[in-house]
Amino acid sequence: MIIAHTVAELRHALRHTERPAFVPTMGNLHAGHLSLLAQAKPLGDATVTSIFVNRLQFLPGEDFDSYPRTFADDCAALEQAGCDVLFAPREGDLYPEPQTFRIQPDPQLADLLEGAFRPGFFTGMATVVMKLFMAVFAGKPHGTAMFGKKDYQQLMVVRGMVRQFALPVDVVACETERADDGLALSSRNRYLTEAERAESVQLVQALRALAQAALAAGERLPAERPALETTATAQLAARGWQPDYLTVRRRADLLPPQAGDGAGALVALGAARLGSTRLIDNLEV
């Protein structure tokens with residue numbers, strides 16, 4: 001496995017590659033990341049994984065400084081999984097000067113849900129993804145980038161960016177990897193205490209119940225949705241969680257469902273804090 005720290009080193013490593021398959025990460029890799037890499041391998045002539053904790057997408061008071069950094073373990077896992085190139089830029093390599101040019105996603109998508117509770121997050125995320133895409137795919141006829149569905153809104157923002165800028169990249173959505181009890185795998189799960197880890201499965205269970213209630217509502221869903229969401233949120237809060245949202249939205253645009261929206265068109269999404277750890281998850285309905 002080649003390890004590149006600068007854009008120039010990365011491009012040199014990929015000089016004979018025409019169709020890179022790319023997995024962007026912030027490191028602290030788990031089985032979900034490695035699943036993305038496994039799915040990427042048949043889609044390109046070289047696999048590239050990036051590890052970069054992007055300061056631009058962290059709000060003041062969030063966990064940028066404490067975000068788990070496990071570079072040596074990550075390298076060993078990637079090499080064992082058959083990654084061809086690891087791009088691990090230092091902050092000064094990716095941002096050699098203040099990043100005053102930024103990607104501003106469509107507020108009709110980016111200001112909802114995660115964007116409402118983490119203002120500026122999607123601008124920082126889209127900006128670094130654009131920089132990473134330019135580093136990996138510049139001069140290539142085509143490529144593929146892998147994104148997990150756990151970060152559902154992020155996936156939609158990236159797809160919109162790729163579409164509107166006509167980037168030569170196929171964005172592949174990969175199913176969420178889960179622990180045996182259903183908890184979505186996440187680098188932040190290691191913040192959980194033993195007791196919190198046992199409780200953490202309640203988020204996906206709340207989303208399952210909300211999804212089932214939404215399907216049962218049928219044509220009444222547009223009218224009944226607020227009450228269903230209020231009930232789901234209250235039940236999770238009663239267990240000691242601090243929910244930001246539990247909601248049912250349309251997959252196409254994350255707006256509230258309309259008459260006729262049913263199975264195959266909806267997604268239940270949730271974000272809630274358990275102790276000091278903020279967890280997100282979703283289930284397509």
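Residues numbered from 1 in each chain as written. Predicted model: local features only at pLDDT ≥ 70, side-chain atom pairs only at ≥ 80, totals over all residues. Heavy atoms only, no water.

### So, the overall build of the chain
If you tally the helices and strands in the chain, you get eleven helices and nine strands. Computed over its C-alpha atoms, the radius of gyration of the chain comes to 19 Å, within 12% of the 19 Å expected for a compact globule of 285 residues. Based on the C-alpha atoms only, the size of the chain along its principal axes is roughly 55 × 40 × 35 Å. Long-range contacts, defined here as pairs at least 24 residues apart, represent 73% of the contacts in the chain between residues at least 6 apart. For the chain, the computed accessible surface area is about 13,200 Å², with 53% contributed by carbon and sulfur atoms. Computed over 28 positive and 33 negative side-chain charges, the inter-centroid distance for the chain is 2 Å. (Helix = DSSP H or I, 4+ residues; strand = E, 2+ residues; numbered from the N terminus. Rg over C-alpha atoms; globule rule 2.2 N^0.38 Å. Contact = heavy atoms within 4.5 Å. Areas by Shrake-Rupley, 256 points an atom, 1.4 Å probe, with all protein chains shown as cover. Lys, Arg positive; Asp, Glu negative; His and termini not counted. Charge placed at Lys NZ, Arg CZ, Asp CG, Glu CD.)

### A closer look at the sheet that holds strand β9 (residues 277-284)
Spatial ordering of the open sheet is given by β7-β8-β9, a layout of three strands whose pairing is antiparallel. Each end of this open sheet is capped by a strand with a single partner; those strands are β7 (242-250) and β9. Averaged over all pairs of adjacent strands, the angle between their axes in this sheet comes to 10 degrees, without regard to strand direction. Where β7 lies against strand β8 (residues 266-274), eight bridges are found, and the strand directions are antiparallel. Along β8, the bridge assignment pairs T247 with L269. Sheet contacts for helix α11 (residues 221-237): β7 and β8; angle to β7, the most-contacted strand, approximately 155 degrees. (Pairing = 2+ DSSP bridges. Axes fitted to C-alpha atoms, helices over the stretch in contact; angles between N-to-C directions.)

### Description of the packing of aromatic side chains
In total, this model carries nine aromatic pairs according to the counting rule given. Here the aromatic rings of F58 and F64 are separated by 5.4 Å at their centres, their planes lie at 75 degrees, and the arrangement is edge-to-face. You'll find F58 and F64 in the same group, each marked buried. Among the aromatic residues, those joined into a cluster by ring pairs are F22, F133, F137 and F147. (Phe/Tyr/Trp six-rings, centres within 6.5 Å; stacked < 30°, edge-to-face > 60°. Buried < 20%, exposed > 50% of the residue type's maximum accessible area, 1.4 Å probe, protein only.)

### Structural notes on the pattern of salt bridges
For the coordinates displayed, the defined rule picks out 17 salt bridges. Residues D281 and R178 are paired through a salt bridge, measuring 2.8 Å at the closest nitrogen-oxygen approach. Taken as a pair, D281 in strand β9 and R178 in the loop between β6 (169-174) and α9 (194-199) lie far apart in primary sequence, 103 residues in all. The class for D281 is buried, based on a relative accessible area of 4%. For R178, a relative accessible area of 25% gives the class partly exposed. Notably, a salt bridge pairs R250 with D253, separated by 2.5 Å at the nearest N-O pair. Judged by its relative accessible area of 21%, R250 is partly exposed. In the salt-bridge network here, residues are joined through shared partners; they are K149, E175, R251 and E284. (Salt bridge = Lys/Arg side-chain N within 4 Å of Asp/Glu carboxyl O.)

### So, the side chain of T49
Relative to the helices and strands, T49 is located in strand β3 (residues 46-51). Judged by its relative accessible area of 2%, T49 falls in the buried class. Beyond its immediate chain neighbours, meaning those up to four positions away, T49 contacts F22, V23, T25, L37, L78, C83, V85, L86 and F87.

### Examining the pairing of strand β2 (residues 20-25)
Side-chain positions along a regular strand alternate between the two faces of the sheet. Most of β2 is tucked away: six of the six residues are buried. Along β2, one buried face is formed by P20, F22 and P24 and the opposite face, lined by A21, V23 and T25, is buried too. With six bridges connecting them, β2 and β3 associate as parallel partners. Across the sheet, residue A21 finds its bridge partner in β3, namely T47. Since β2 and β3 lie parallel, the crossover through helix α2 (residues 31-40) that links them has a hand, and here it is right-handed. Across two bridges, β2 lies against strand β5 (residues 143-148) in parallel orientation. By the bridge assignment for β5, A21 is matched with T144. (Right-handed = clockwise from strand over helix to strand, strands pointing away.)

In short, shape yes, function no, at least from these values alone.
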